[in-house]
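Structural features, examined
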Amino acid sequence: MEDVMFEQLMYVLNQLVTWITAGAMVFGGVVPYIPQYRDIRQTQKAEGFSTYVCLVLLVANILRILFRFGRYFETPLLWQSIVMIATMLIMLNLCTNVRVATELQTKRRSFTDFEWSHFWSWSRFVDYMQCVVVFTLLVAYITYLLLDSSVFVETLGFLAVFTEAMLGTPQLYCNYWNKSTEGMSIKMVMMWTSGDTFKTAYFLLTEAPVQFWTCGLLQVGVDITILFQVYYYSRYPQKPVSHSASHTTSTKAL
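So, here is what we can say about the structure in this document. (Residues numbered from 1 in each chain as written. Predicted model: local features only at pLDDT ≥ 70, side-chain atom pairs only at ≥ 80, totals over all residues. Heavy atoms only, no water.)

Focus on the packing of helix H2 (residues 33-43) against helix H8 (residues 186-205)
- At a minimum axis distance of 7 Å, the contact between H2 and H8 shows a crossing angle of 165 degrees. By the angle between their directions, the pair H2 and H8 is classed as roughly antiparallel. Once H2 is placed against H8, the crossing between them reads as left-handed. In this structure, H2 contributes Tyr33, Pro35 and Gln36 to the contact, and H8 contributes Lys187, Met188, Met191 and Trp192.
- Among the residues making up the contact of H2 with H8, the classes are represented as five nonpolar, one polar and one charged. (Axes fitted to C-alpha atoms, helices over the stretch in contact; angles between N-to-C directions. Helix = DSSP H or I, 4+ residues; strand = E, 2+ residues; numbered from the N terminus. Parallel < 35°, antiparallel > 145°, perpendicular 65-115°, else oblique. Left-handed = near helix turned anticlockwise from the far one by under 90°. Contact = heavy atoms within 4.5 Å. Nonpolar A, V, L, I, M, F, W, Y, C, P; charged D, E, K, R; others polar.)

Some thoughts on the packing of aromatic side chains
- Following the criterion strictly, the structure yields 15 aromatic pairs and no others.
- Directly above the aromatic system of Tyr176 lies the positively charged group of Lys179, at a separation of 3.8 Å from the ring centroid. (Phe/Tyr/Trp six-rings, centres within 6.5 Å; stacked < 30°, edge-to-face > 60°. Lys NZ or Arg CZ within 6 Å of the ring centre and 35° of its normal.)

Quick word on a nonpolar patch on the surface
- Among the surface-exposed residues, Phe6, Leu9, Met10, Leu13, Leu16, Trp19 and Ile20 lie close enough to one another that they form a single nonpolar patch of about 760 Å² accessible area.
- Here Ile20 shows up in helix H1 (residues 2-28). (Patch = residues over 30% accessible without salt bridge, like charges linked within 9 Å, V, L, I, M, F, W, Y side chains within 5 Å. Areas by Shrake-Rupley, 256 points an atom, 1.4 Å probe, with all protein chains shown as cover. Salt bridge = Lys/Arg side-chain N within 4 Å of Asp/Glu carboxyl O.)

Structural notes on the pattern of salt bridges
- By the definition in use, this model includes five salt bridges.
- For Asp127, the salt bridge goes to Arg124, with nearest N and O atoms at 3.1 Å.
- For Asp196, the salt bridge is made with Lys199, and the minimal N-O distance between the two is 3.5 Å. Residue Asp196 and its partner Lys199 are located together in helix H8, separated by three residues, close to a single helical turn. Lys199 matches Asp196 in its accessibility class, with the two residues each being buried. (Buried < 20%, exposed > 50% of the residue type's maximum accessible area, 1.4 Å probe, protein only.)

If you want it as structure tokens, here you go:
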């Protein structure tokens, strides 16, 4: 009788841990953006946050969802992608509204202008949505045609996680160009680091495809480099970049 109760207790505890871990995977990735979102809303300044971070995560998670059609992976990872896509669209909407409200330039830039120099620095949120929809439909169609090719499926999976692994590089470059981490939420980067470490360990424990944990390790390395920038630029302040140059860079490199 005691053995049966013990087994039932262990089963309940195991299920509880599984649910908590799955919940952390699904929602843990969006937590770092909460302080950044609040900072942008309070200061009405978005220059310190790279919107190219949103681009990287949108591309990575769209590719990951399509990858699942060719190779199964854990359901929490699927939901994580869906939640992350929604979060990045919310961040884009905020940054676009703030930038347009504070921008002196009167000319409006749109996705349908097809000007590469203005790519991902459009004036309306709807233009970003158009770009995301076009990209999704195009890649979905290619995936549908090549779904039977194992080489294509594995390459798609690699591109998904490798793109996500490059998440911090726009912010890394933006900090380097500005010679400062001012305007960037340090809490966000610390949460990136802890979240990516947890995520990589989850990939290893659940025996996820090799692309997942390999690129997870790379992502942790990028996070640590950004934290080093925080330390370096606070201890050794650099000559500030002019406002106009900084603004141009932030719209391109973020």
